[in-house]
Amino acid sequence: MDAKKDRNILIAITAICMILIVITGLKHEWIAPLRSGVGLILMPLQNGVNVAGKAFYNSIEERNTLKQAYEENKALKRMLDELSLENTRLEEENFELQRLRSLYQLDMEYGDYEKIGARVIAKDSGRWFKVFRIDKGSNDGIKVDMNVIADGGLVGIVSDVGSNYSTVRSIIDDVSRVSAMSMRSGNNCIVAGDLLLYEQGILKLSDIDINADVKDGDKIVTSNISTKFLPGLLIGYAKDVTVDNSRLTKSGYLTPVASFDTLQEVLVITTMKETGE
Amino acid sequence: MRRKIANIAMLILAFVIQISVFPFIPFLSAAPNFMIIMVFTFSFIYGTGEGMLYGVVAGLLMDLFYSLPLGYFTLFFVLMGYINGSLSRYFYEDFIFLPLIMCALNEFAYNIYIYLSRFFTREKFDLWAYIRQMILPEVIITLLFTLLLYRLLLQYNRSLEDMDIKRGRESAE
């Protein structure tokens, strides 16, 4: 008797779930208020646990870092010499670039985007989805599709906004595809997240034209033609670019600039890409 | 009744820990899946009805955290609660081997569910690579935590049951 009742409940819930999946899969914005409501309640709890956890972890980490710092210090001093040399050279090149840019009326609006800092408060502990939550939401002016950066590189895009939190999908998520280009040559390509590749710390670089000039070590930035990403944000460096079997395109890998595993603070760019208006 | 509320509260707390503590410990390459452990344990002890209740709670929490269609995780966890609940007649308190195997199977099924619906459908066919790199580490760490948590959850629930009985209320069947 009871077993039968349970089975009926199961069938009912299963049916409801399936209907909901179809409906909300098509009309994503319908559940936003519900998500936002639950987020609002869980937020203080998350924050508390998060702060406690981080404090504990940071104290362990500090001891380790000190040891590493000694070694790093030595290596860094050596690097400093090399870099100052290189810097002089780069400065020269920079002047030249500025001259050329004004010459060509190139207005790539680097760096003058408005940004808000945010703390990462929750992440997917599983390995399938590379999403995380930050502690700023619509109250702070965050909107869906805003770009998120950290460590000087692109990290992801806001996919979901509540009043006091928002969810960010990293560019390493398996469904992520970013339209990008080589900074040196301006040739277009696609940077796609791939779970299996990310285990080795890299992303997939694809759809490069066979004649395009994209070489290993090239800086890859977001392209002008992307619909959601602002142009000129650094993503990473090209690696192992080879010709595909089809002989029509080239593909390779990309080493990202941002370190996704240790993200604690990110910057949300509140300037948004305007398209079609 | 008190026990159910206490368990749901614990489920929510475990979820919060799962998303805001474990991911920030970089040397943990895999994190245990508390939702699986708890839904499994509760439904295995208390049967299909309660199994589904905790399944819905865990599923909704997951659904609301991820930006996926609502019901995606609820569907899995409700089924999981029901199936494990229907096996509760094999529940003996001193027997840890069966729960461990079942927990591993649940964890495996959960990962395969995500793989089939989210990756296989996007033409990522390399199942073996996903099993080796994504699924096995999580199954193993979840097993370890089951070993630790199963007894604790069991004892905790026994004491809650006693409290319910003392208060003259009806405990679970």
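Note that this is a predicted model, so its numbers are computed, not measured.

Conventions used here
Residues numbered from 1 in each chain as written. Chains lettered and ligands numbered in written order. Predicted model: local features only at pLDDT ≥ 70, side-chain atom pairs only at ≥ 80, totals over all residues. Heavy atoms only, no water. Helix = DSSP H or I, 4+ residues; strand = E, 2+ residues; numbered from the N terminus. Rg over C-alpha atoms; globule rule 2.2 N^0.38 Å. Contact = heavy atoms within 4.5 Å. Areas by Shrake-Rupley, 256 points an atom, 1.4 Å probe, with all protein chains shown as cover. Core = buried A, V, L, I, M, F, W, Y, C linked by side-chain atoms within 4.5 Å. Buried < 20%, exposed > 50% of the residue type's maximum accessible area, 1.4 Å probe, protein only. Polar contact = N/O pair within 3.5 Å; in protein donor to acceptor, adjacent residues only side chain to side chain. Salt bridge = Lys/Arg side-chain N within 4 Å of Asp/Glu carboxyl O. Pairing = 2+ DSSP bridges. Axes fitted to C-alpha atoms, helices over the stretch in contact; angles between N-to-C directions. Expected span 1.5 Å × (residues − 1). Buried area = accessible area lost by both parts, 1.4 Å probe.

> Honestly, the overall build of chain B in this entry has me stumped. Any pointers?
Scanning chain B from terminus to terminus reveals six helices and zero strands. In sequence order, the secondary structure elements of chain B are arranged as α-α-α-α-α-α. For chain B, the C-alpha radius of gyration of 16 Å lies close to 16 Å, the compact-globule estimate for 173 residues. Pairs at least 24 apart in sequence give 75% of the contacts found in chain B among residues at least 6 apart. For chain B, the exposed area adds up to about 7,500 Å²; of that, 69% sits on carbon and sulfur atoms.

> Just to check I follow, could you spell out the nonpolar core for this structure?
When a protein is soluble and globular, its nonpolar side chains tend to lie buried together. Judged by nonpolar contacts, the single largest core of 59 residues is most densely connected at W128(A), M35(B), F73(B) and F77(B). Counting residues per element, the ones that place at least two in this core are α2 (32–104) and α3 (195–198) of chain A together with α1 (2–20), α2 (34–46), α3 (48–65), α4 (72–86), α5 (97–119) and α6 (127–166) of chain B. A total of 11 residues in this core trace back to one element, the largest contributor, which is α2(B). For F77(B), the residues in contact, after removing those within four places along its chain, are M35(B), I36(B), V39(B), G55(B), A58(B), G59(B), M62(B) and Y110(B).

> Would you explain the side chain of K124(B) in this entry?
Note that K124(B) resides in the loop between α5 and α6. A distance of 3.1 Å separates the side chain of K124(B) from the side chain of D174(A), its partner in a polar contact. Each residue touching K124(B), except ones within four places of it in the same chain, is listed here: D174(A), G193(A), D194(A), Y115(B), F119(B) and Y130(B).

> Before we go on, may I ask you to explain the pattern of salt bridges in this structure?
Applying the stated rule across the entire model yields 12 salt bridges over all chains. The closest approach of N and O atoms between E93(A) and R89(A), which form a salt bridge, is 3.4 Å. Of the two residues, E93(A) and R89(A) are both situated in helix α2; the distance of four residues between them amounts to about one turn of the helix. A salt bridge links D218(A) to R184(A), with the nearest nitrogen and oxygen atoms 3.0 Å apart. Of this pair, D218(A) sits in the loop between β8 (203–209) and β9 (219–222) while R184(A) sits in the loop between β6 (177–182) and β7 (188–192), and the two are 34 residues apart along the sequence. D218(A) sits in the buried class, given a relative accessible area of 7%. Sharing partners across several salt bridges, the network here consists of D174(A), D194(A), R122(B) and K124(B).

> Can you walk me through the sheet that holds strand β3 (residues 147–150) of chain A in this structure?
Sheet strands pair via backbone hydrogen bonds, and the direction of the pair is either parallel or antiparallel. All names here are of chain A. If you walk around this closed barrel you meet the six strands as β1-β2-β5-β4-β3-β12, and the pairing is antiparallel. Ignoring which end each strand starts from, the neighbouring axes of this sheet average 45 degrees apart. One ladder, built from four bridges, connects strand β2 (residues 131–134) with strand β5 (residues 166–170); its direction is antiparallel. Its bridge partner being in β5, F132 is matched across the sheet by V168.

> Would you explain α1(B) in this entry?
The periodicity of an α-helix, 3.6 residues per turn, causes residues three or four positions apart to be oriented the same way. With 19 residues, α1(B) ought to run about 27 Å at 1.5 Å a step, and its terminal C-alpha atoms sit 27 Å apart, in line with that. Those residues of α1(B) that sit buried are R3(B), A6(B), N7(B), L11(B), A14(B), F15(B), V16(B), Q18(B), I19(B) and S20(B).

> Just to check I follow, could you spell out α4(B) for this structure?
In a regular helix each residue adds 1.5 Å, so 15 residues correspond to 21 Å; α4(B) covers 22 Å between its end C-alpha atoms and thus fits that length. The element α4(B) is extensively covered by neighbouring structure, given that 12 of its 15 residues are classed as buried. Among the residues making up α4(B), those that are buried are Y72(B), F73(B), T74(B), L75(B), F76(B), F77(B), V78(B), M80(B), G81(B), Y82(B), N84(B) and G85(B). Tucked into the core, α4(B) has its buried residues touching α1 (2–26) of chain A together with α2, α3 and α5 of chain B.

> I keep staring at the side chain of T41(B) and nothing clicks. Help me out?
Among the structural elements, T41(B) can be located in helix α2. Judged by relative accessible area, which is 0%, T41(B) ranks as buried.

> I'm lost on the interface of chain B and chain A in this one. Help?
Accessible area lost upon the coming together of the parts serves often as the stated size of an interface. Of the residues lining the interface, 52 residues belong to chain B; the matching set on chain A comes to 52 residues. Each partner contributes to the roughly 4,600 Å² buried at the junction of chain B and chain A, and carbon and sulfur atoms together form 70% of this total. Put simply, chain B and chain A have three salt bridges between them. With a closest N to O distance of 3.1 Å, D174(A) and K124(B) form a salt bridge. Where chain B meets chain A, there are 10 residue pairs in polar contact (both at pLDDT 80 or more). Listing elements by their share of the side of chain B that touches chain A, those giving two or more residues are α1, α3, α4, α5 and α6 of chain B. At eight residues, α3(B) tops the list of elements feeding residues into the side of chain B that touches chain A.

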